[in-house]
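Now for the letters of each chain:
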Amino acid sequence: MYSVLTISDTCAAGTATDTSGPHLVSLIKQTFETETVNYLLIPDEEDLIKKSLVYACDVLKVRAVFTTGGTGFAPRDVTPEATRAILTKEAPQLSLAMTLRSLEKTKFAVLSRAVCGVRNGTLIVNFPGSKKAVTECFESIVDVLPHVLHLLNEGEIERVRETHRKVQGEVEVNAPPLQRHVCPHATGKGGDDRNSPYPMIDAREALQQILGSIPIDISVRKQFSRVNIPPFRASIKDGYALKSIGGKGMKKVIGYISAGDGIVTSNFTIDECYKINTGAPVPLQADAVVQIEDTKLVSREDDYEKLVEILSEPTASLDIRPIGSDLRMAEEVFQYRFPLDASQRALLAAIGEKASVKKLKVAILSTGDELLHPYEPNAMGDGVDQEGKIYDSNTTMLVELLRQFGFSDDQCEIQQRVVKDDFDSLKLEIEALTGEMHIVICTGGVSMGDKDFVKPVLKALNYELVFARLNIKPGKPCVFASSKVTKFFGLPGNPVSAFVTFHLFALPALRHYLATLNDTAPHSAKCSLPVINVELLDTKYDLDDRPEYARASIISRNGKLMASITGGQISSRLKSTIEADALLELPARTNERPSLSAGTQLKAHILRSDFISRYE
């Protein structure tokens, strides 16, 4: 996935038309054979440029960001400054290559201050603001860009080595082309070869493409307090409110103050006090509270205390919470994150505010003529019509997962239903949801069977089919498609495959979409499951040809986190999720490493907050 950022006051204001940005998008699509290019138009504001670059690099994790505009000497030309401020490495020779090419056309090329460099794993290149200059500069570096991107991706090291071998002359000029096995599943032919025409992409790239399809909002939504907390001076202890200048000694108890009582405004002497409860308002004329433990009851009359002895020397402000000591009026309470959690809701309640949330609209579908609603009376009776039927567990599982991750009724509107396995029924259902729902999650109908109609229906409804196969186990036939409003997840029908792909892909998208819907910049690291390092406990585990996400329970042994895989991992075995605390990220099998043994360090994607099954 790539990003293009046009930086221009006039284009952002609508008084000029951006030609260089769309042209750059077309160059990138043609060069890298991709349809996934984010395009953003912003004014010449340094902070906004920085935030946009950081968002593309750190949140979307695009492979490269290409900017156009703001590289000259005008007062508002600050693109190079903004870019240089967020780089982790500079690449001055790329800038030099562009300058040398442009100098062949015009001597004014020396006035361009374009900066190139890297932020973590993302390449950033500044281009000038004209369409002509963009073309010239892009052509000057296009031959080395693929190699740069391979260098930045640890998973493409073999491509880097191959390029180095060719450059260093290790491949003979007249040598025959290298022969390698081509998997029929990746031929892209489809049709008569009876294999999927869709390439398999890795999990990281898939998530980047998903999040890149959701509208971007880089604003920060803040909540401010309209009240002081506490709104009055409040007692921290159960004790006696008095004047500190009176010191310790005998005090007459002249009243009782409980939480919820009004503020006592009348004056009193230094030899008098009020008995007061925790949280109650301190009398206007008192400046200290002495806790009960530091007093002695001297006399009582009709069940009321009349005289107490103060045993410790009181000091001004002792055990009193000042007005606004917890939260002052107009102070920032928090920056919104979605879904709203218990802490945010508690703080909103404390300041007397209701949560203002635009609801995320989600539809959950299961496809299959074999599916029965699990709670229908006699659903699996003895009738002939029930032969070959199974209960539908996927819709129940997905709805409960939404609730588990905080998508409550006041934040998320959920529809759920089972759809028949035929083209017209599925098309009618998805067509009705398109434009109305923000996210549709459908299970089943995404593989290569005669009744797998999801992809044909999406094409018929003019969805952009972003990807249709993943290089993971389980979940290879997972589909993601995008329209202007509605994002469509076609998850595999096997329950475990649906479970895994929901957590890895649908959940981050749900969190991302809910945040942007409420004008808040999402944080990609918090959109995805948290990841921790664990040690494999199993003696031996045979690896699959694809990277695998195995269900595992987490055990704490003397403070060290260990992972034990939860039995058979076949994708129909829903029971493997019952004891699962995490999805264990396993590498693909190689000749050098066909299996993993106990003690191997692995990454675990945490499924729930109480993720440690037992302590040893």
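Look a little higher up for the structure.
Residues numbered from 1 in each chain as written. Predicted model: local features only at pLDDT ≥ 70, side-chain atom pairs only at ≥ 80, totals over all residues. Heavy atoms only, no water.

S.K.: I tried to follow the overall build of the protein on my own but got confused; where do I start?
M.R.: Counting its regular elements, the protein contains 15 helices and 32 strands. Counting only residues that meet the buried cut, the protein has 47% of its 616 residues in that class. Sequence-distant contacts in the protein: of pairs separated by 6 or more residues, those separated by 24 or more amount to 71%. (Helix = DSSP H or I, 4+ residues; strand = E, 2+ residues; numbered from the N terminus. Buried < 20%, exposed > 50% of the residue type's maximum accessible area, 1.4 Å probe, protein only. Contact = heavy atoms within 4.5 Å.)

S.K.: Help me out: how do you make sense of empty space enclosed by the protein in this one?
M.R.: Space left empty within the atom packing is revealed by a probe, the size of a water molecule, rolled over the atoms. Tallied over the entire structure, the rule returns one cavity of 30 Å³ or more. In this structure, the largest cavity spans a volume of roughly 90 Å³. Together, 12 residues line the largest cavity, and Ser3, Leu5, Leu40, Ser52 and Ala56 are the ones closest to its centre. Elements with a minimum of two residues in the lining of the largest cavity: strand E1 (2–7), strand E2 (37–42) and helix H3 (46–59). Looking at the lining of the largest cavity, its residues break down into nine nonpolar, three polar and no charged. (1 Å grid on protein atoms, 1.4 Å probe; cavity = no way out; pocket = protein on both sides within 12 Å on 5 of 7 lines; lining within 4 Å. Points joined across faces, edges and corners; volume = space filled by probe spheres on them. Nonpolar A, V, L, I, M, F, W, Y, C, P; charged D, E, K, R; others polar.)

S.K.: What's the story with H3 in this structure? I'm lost.
M.R.: Think of an α-helix as turning once every 3.6 residues; residues three or four places apart then point the same way. Spanning 14 residues, H3 covers 19 Å between terminal C-alpha atoms, matching the ideal 20 Å at 1.5 Å per step. Residues of H3 that are buried include every one of Ile49, Ser52, Leu53, Tyr55, Ala56, Cys57 and Val59, and no others. Lys61 sits one or two positions beyond H3 and adopts a positive phi of about 55°. (Expected span 1.5 Å × (residues − 1).)

S.K.: Explanation requested: helix H5 (residues 92–103) in the structure shown.
M.R.: Its 12 residues place the ends of H5 16 Å apart at the C-alpha level, agreeing with the 16 Å of an ideal helix rising 1.5 Å per residue. Listed as buried for H5 are Leu94, Ser95, Met98 and Ser102. Viewed end-on, H5 has its buried residues packed into an arc of 100°, placing them on one side of the element. Residues of H5 that are buried sit in contact with strand E5 (116–119), strand E6 (122–127) and helix H6 (131–141). (Arc of directions from axis to C-beta.)

S.K.: Even after reading the chapter, I still don't get the sheet that holds strand E10 (residues 249–257), so can you show me in this structure?
M.R.: Strands pair in a sheet through their backbones, by hydrogen bonds, and they do so in one of two ways: parallel or antiparallel. As summarised here, the arrangement of the six strands in space is E12-E9-E11-E10-E14-E13, forming an open sheet in which the pairing is mixed. Among the strands making up the open sheet, the edge pair consists of strand E12 (288–291) and strand E13 (295–301). Averaged over all pairs of adjacent strands, the angle between strand axes in this sheet comes to 35°, irrespective of strand direction. (Pairing = 2+ DSSP bridges. Axes fitted to C-alpha atoms, helices over the stretch in contact; angles between N-to-C directions.)

S.K.: Would you mind showing me how to read the nonpolar core here?
M.R.: Soluble globular proteins tend to bury their nonpolar side chains together. By size, the foremost hydrophobic cluster in this structure holds 77 residues, and its most contacted members are Phe407, Ile441, Phe467, Phe489, Phe502, Phe505 and Leu510. Among the elements that take part in this core, helix H14 (residues 495–517) stands out by supplying 14 residues, more than any other. When near neighbours in sequence (up to four residues on either side) are disregarded, Phe407 contacts Pro339, Leu360, Leu402, Cys412, Leu507, Leu510, Arg511 and Leu514. Counting residues in hydrophobic clusters, the runner-up holds 26 residues, among them Leu24, Val37, Ala64 and Leu145. (Core = buried A, V, L, I, M, F, W, Y, C linked by side-chain atoms within 4.5 Å.)

S.K.: Please explain the packing of aromatic side chains as it appears in this structure.
M.R.: Pairs of aromatic rings are described using the distance from one ring centre to the other and the angle between the two planes. Across all of its chains, the model carries 12 aromatic pairs by this definition. Taking 6.3 Å as the distance between ring centres and 85° as the angle between the ring planes, the aromatic pair formed by Phe423 and Phe453 counts as edge-to-face. Here Phe423, found in helix H12 (residues 423–433), pairs with Phe453, found in the loop between strand E21 (439–443) and helix H13 (454–460); they are 30 residues apart in sequence, far enough to count as distant. Look at Phe453 and you get partly exposed, because its relative accessible area is 22%. Consider the rings of Phe480 and Phe489, whose centres lie 4.9 Å apart with planes at 50°: the pair is tilted. We note that Phe480, like Phe489, is buried. (Phe/Tyr/Trp six-rings, centres within 6.5 Å; stacked < 30°, edge-to-face > 60°.)

S.K.: Looking at this structure, how should I read the layout of surface pockets?
M.R.: Looking at the second largest pocket, its volume works out to about 710 Å³. Considering the residues around the second largest pocket, the lining is formed by 25 residues, among which Arg337, Ala521, Pro522, His523 and Lys526 are closest to the centre. Of all the secondary structure elements, the ones that give two or more residues to the lining of the second largest pocket are H3, H14 and helix H15 (524–527). In terms of residue count, H3 provides more of the lining of the second largest pocket than any other element does, five residues in total. Tallied by class, the residues present in the lining of the second largest pocket amount to 14 nonpolar, five polar and six charged.

S.K.: What is the right way to look at unusual backbone geometry in this model?
M.R.: Omega for the bond connecting Ile229 with Pro230 falls within 30 degrees of zero, at -5°, which places this linkage in the cis form. Mapped onto the elements, Pro230 comes out in the loop between strand E7 (222–224) and strand E8 (234–235). In this structure, the amide linkage connecting Phe338 to the following residue, Pro339, adopts the cis form with an omega of -5°. One can find Pro339 in the loop between strand E16 (332–335) and helix H10 (342–350). In this structure, Asp319 takes a positive phi of about 50° despite not being glycine.

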